[in-house]
Amino acid sequence: DDFRGIFMSISTTPDGDEKSSAETNFDAFARMLSHVCPLGDANRAKLQTLFTEVVNDDEADFPDFLRLMHRLLAENFANLKELTQGAAAAEPPRPARRPSMLRVARTRSSLMLATLER
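Residues numbered from 1 in each chain as written. Predicted model: local features only at pLDDT ≥ 70, side-chain atom pairs only at ≥ 80, totals over all residues. Heavy atoms only, no water.

A. Up close: helix α3 (residues 41-55). Taking 1.5 Å of rise per residue, 15 residues should cover 21 Å, and α3 covers 21 Å from first to last C-alpha, within 8% of that figure. Turning to α3, its buried residues number three or more, namely Asn 43, Leu 47, Leu 50, Phe 51, Val 54 and Val 55. The arc that holds the buried residues of α3, viewed along the axis, is 105°, so those residues lie on one side. Away from the buried face of α3 by more than 90 degrees, exposed residues Asp 41 and Ala 42 are located. (Helix = DSSP H or I, 4+ residues; strand = E, 2+ residues; numbered from the N terminus. Expected span 1.5 Å × (residues − 1). Buried < 20%, exposed > 50% of the residue type's maximum accessible area, 1.4 Å probe, protein only. Arc of directions from axis to C-beta.)

Laid out in structure tokens, this is it:
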């Protein structure tokens, strides 16, 4: 359910279409991942290659998103395993005020990546 939420937060749906047809492009995916691991020029180029290999299209649907996340963890892309280690076990602290959307996205991304690597 959390992976679905992350996917939906970076995806678009055609007007009037069902959420089941949601898709995300490389730029949105890279922006989301950049909150978890560094995406300099070299990592961005590697990510573009992986995205193209896994997705085989300009847009990724939810199953593509899951396959891509699995591949990134399997290959330990940009030390993703180390960056997310322990995130699934640790409960995020409750903020005294409402967190920004960016902080929520980072926390959810880290937790979901750590869960997927199990």
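What follows continues from the structure just given.
B. Quick look at the pattern of salt bridges. Using the criterion set out here, one finds four salt bridges in the structure. Linking Arg 67 and Asp 64 is a salt bridge whose minimum nitrogen-to-oxygen distance equals 2.5 Å. In this pair, Arg 67 and Asp 64 both sit in helix α4 (residues 62-74), three residues apart, roughly one turn of the helix. For Arg 67, a relative accessible area of 45% puts it in the partly exposed group. Where Glu 75 meets Arg 71, a salt bridge forms, and the shortest distance between an N and an O atom there is 2.5 Å. Residue class for Arg 71 comes out partly exposed when judged on its relative accessible area of 27%. What you see here is one network of salt bridges that share partners, running through Glu 53, Arg 71 and Glu 75. (Salt bridge = Lys/Arg side-chain N within 4 Å of Asp/Glu carboxyl O.)

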